[in-house]
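# What the coordinates show
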Amino acid sequence: MSLADLTLDRWRSLDPAAAGRLAHEAAAQVGGRVVLLDAVGHLGGTLHRVRIEREGREFALVPGGTVRLGFDPDAWEPTPAQAADYAASVEEGYGYGHEDLKAYLADVLSPPRTATLASVLMAVEDEALTEPAADMPAALAAHGLRIPGADEWEHACGAGAGTLFRWGNECPLDEPSYGNGRGRHEPNAFGLHIAYDSYGAELSADPTAVHGGDGGEAVCGGYGDLLAWLPLATANRNPSMADFVYGPDGEGMYEAFSTRPVLSLH
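A few points on the structure. (Residues numbered from 1 in each chain as written. Predicted model: local features only at pLDDT ≥ 70, side-chain atom pairs only at ≥ 80, totals over all residues. Heavy atoms only, no water.)

### Topic: the packing of aromatic side chains
Describing an aromatic ring pair means giving the distance of the ring centres and the angle of the ring planes. According to the stated counting rule, one finds seven aromatic pairs in the structure shown. Geometrically, the ring pair formed by phenylalanine 71 and tryptophan 76 is edge-to-face, given 6.1 Å between the ring centres and 70 degrees between the ring planes. Under the relative-accessibility criterion, phenylalanine 71 is labelled buried at 7%. Relative to tyrosine 104, the ring of tyrosine 86 has its centre 5.7 Å away and its plane inclined at 45 degrees; by these criteria the two rings are tilted. (Phe/Tyr/Trp six-rings, centres within 6.5 Å; stacked < 30°, edge-to-face > 60°. Buried < 20%, exposed > 50% of the residue type's maximum accessible area, 1.4 Å probe, protein only.)

### Topic: the nonpolar core
Grouped together as the largest cluster of nonpolar side chains are 48 residues, with contacts concentrated most on Trp11, Leu121 and Leu192. Element by element, the count of residues in this core is highest for helix α2 (residues 16-30), at seven residues. When neighbours within four sequence positions are excluded, tryptophan 11 is seen to be in contact with Leu6, Ala19, Leu22, Leu47, His48, Val50, Leu61 and Pro63. Core analysis: the second largest hydrophobic core is formed by 20 residues, Trp76, Leu101, Leu105 and Leu173 among them. (Core = buried A, V, L, I, M, F, W, Y, C linked by side-chain atoms within 4.5 Å. Helix = DSSP H or I, 4+ residues; strand = E, 2+ residues; numbered from the N terminus. Contact = heavy atoms within 4.5 Å.)

### Comments concerning a negative patch on the surface
Where like charges cluster on the molecular surface, the negative patch consists of Asp72, Asp74, Glu91, Glu92, Glu99 and Asp100. Residue placement: aspartate 74 occurs in the loop between β4 (65-69) and α3 (80-91). (Patch = residues over 30% accessible without salt bridge, like charges linked within 9 Å, V, L, I, M, F, W, Y side chains within 5 Å. Areas by Shrake-Rupley, 256 points an atom, 1.4 Å probe, with all protein chains shown as cover. Salt bridge = Lys/Arg side-chain N within 4 Å of Asp/Glu carboxyl O. Lys, Arg positive; Asp, Glu negative; His and termini not counted. Charge placed at Lys NZ, Arg CZ, Asp CG, Glu CD.)

### Points about the sheet that holds strand β6 (residues 120-123)
Pairing is antiparallel across the open sheet formed by five strands, whose spatial order is β1-β2-β3-β6-β11. At either end of the open sheet lies a strand with only one pairing partner, and these are β1 (33-42) and β11 (262-264). Taken over all neighbouring pairs, the strand axes of this sheet differ in orientation by 25 degrees on average, direction set aside. The pairing of β6 with β11 spans three bridges and is antiparallel. Its bridge partner being in β11, methionine 122 is matched across the sheet by valine 262. Most of the contacts of α2 go to strand β2 (residues 45-54), to which it runs at about 25 degrees, and overall it touches β1, β2, β6 and β11. Across the sheet, helix α6 (residues 150-158) touches β3 (57-62) and β6, and the angle it forms with β6 is around 80 degrees. (Pairing = 2+ DSSP bridges. Axes fitted to C-alpha atoms, helices over the stretch in contact; angles between N-to-C directions.)

Shown next, in the form of structure tokens:
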């Protein structure tokens, strides 16, 4: 089995010794070294986490396979606090004209689906763009790296959880969605520092999507607490933010956006 074919289900089934062997194989394949190998409780079982350092960057191993992505608002019920907060936002004229929260989510979240993804190494931290978005693939390729696909990013963030946010379906409405708040900055199940600040705006290979934040639009605009948290939802594609980023107004502001470099495995 090639490392690229390593599935999340297979990875979860390995004992620590076997996981360690694959971790060191992945490190050797990319010319790096294993700097962390641990395990966390995940979806009722155990998930091994691997970090590999290469040329000053740390990467987490993200196993793939056929995975479920997206979010179905009709199969979810907001808490009373979430529903009330969204209703207050609608009263103020926000929510893209949707009176119903589920209709709003259907507009901004990717739909439920399956995708078959290769196992990859993904940068633990996102990095500010050093070139306009259109030039970043070539800039990363010079170092053997690439921009993640939108499905890859979403899978890496949610790690198979299927919840609205990577940590669950609720968010602390009495806390800001930015800054140094608790919880958001904890590594996710794969060990990534991801979807942690609504002022973030991560780009993938999909020009219709921005991940892990909206650049602070909802916070600065006073849209409401829930609408400030929703840009951190795993499946949120932030379509209006993407229109700005890839439009003429965003072209000269590329340093305000980031991406998460990927190393392909074979």
